[in-house]
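Structural overview for review
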Amino acid sequence: MSLKNCVMAGAFVATFPWICLVLFSGPDQASTDDHVTFQNGMMTWRGFLEAVELLAEIAVCGIAAGGLF
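Residues numbered from 1 in each chain as written. Predicted model: local features only at pLDDT ≥ 70, side-chain atom pairs only at ≥ 80, totals over all residues. Heavy atoms only, no water.

Considering the environment of Ala51
Looking at the secondary structure, you find Ala51 in helix H2 (residues 45-68). Here the alpha-carbon distance between Ala51 and Gly62, two residues 11 residues apart in the chain, equals 16 Å. In contact with Ala51, other than residues within four places in its own chain, are Val22 and Met43. (Helix = DSSP H or I, 4+ residues; strand = E, 2+ residues; numbered from the N terminus. Contact = heavy atoms within 4.5 Å.)

Now the structure itself:
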């Protein structure tokens, strides 16, 4: 396998479970640093940005792990 395949597989394996958690579960109300992230069970714009940041960090860790593999 090439390095590119290992890196892509590592990113996918690391982020897929978290993507499922972000999309299919969430609280009714939540906030971070006085910014509402969930309201009435729906993700707000700020919540979406925080989810993207979290998934990007996890993907970077998966890329590093795939590269080491």
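Re unusual backbone geometry
Unlike most non-glycine residues, Asp34 shows phi in positive territory, near 65°. Phi is positive for Asn40, close to 55°, though the residue is something other than glycine. Structurally, Asn40 is set in the loop between strand E2 (35-39) and strand E3 (42-43). Using a relative accessible area of 64% as the deciding quantity, one classes Asn40 as exposed. (Buried < 20%, exposed > 50% of the residue type's maximum accessible area, 1.4 Å probe, protein only.)

Topic: the environment of Lys4
Tracing the backbone through its elements, the reader meets Lys4 in helix H1 (residues 3-24). As a C-alpha pair, Lys4 and Phe16 span 12 residues in sequence and 18 Å in three-dimensional space.

A few points about H1
An ideal rise of 1.5 Å per residue puts 32 Å on 22 residues; H1 measures up with 32 Å between its terminal C-alpha atoms. Along H1, the residues that are buried comprise Cys6, Val7, Gly10, Ala11, Thr15 and Val22. (Expected span 1.5 Å × (residues − 1).)

Thoughts on the sheet that holds E3
Spatially, the 3 strands line up as an open sheet ordered E1-E2-E3, and their pairing is antiparallel. On the outer flanks of this sheet lie strand E1 (30-32) and E3, each paired with one strand and no other. Sheet topology note: the E1/E2 ladder contains 3 bridges and is antiparallel. Bridge pairing in E2 links Thr32 to His35. Across the sheet, H2 touches E1, E2 and E3, and the angle it forms with E2 is around 95°. (Pairing = 2+ DSSP bridges. Axes fitted to C-alpha atoms, helices over the stretch in contact; angles between N-to-C directions.)

Considering the pairing of E2
Where E1 folds back onto E2 in an antiparallel hairpin, the turn is made up of 2 residues, including Asp33, whose phi is positive at roughly 50°. Across 2 bridges, the pairing between E2 and E3 is antiparallel. Looking at the pairing, Phe38 lines up with Met43 of E3. Counted along the chain from E2 to the antiparallel partner E3, the turn is 2 residues long, and its residue Asn40 has a positive phi close to 55°.

Shape is all these values report; function is a separate question.
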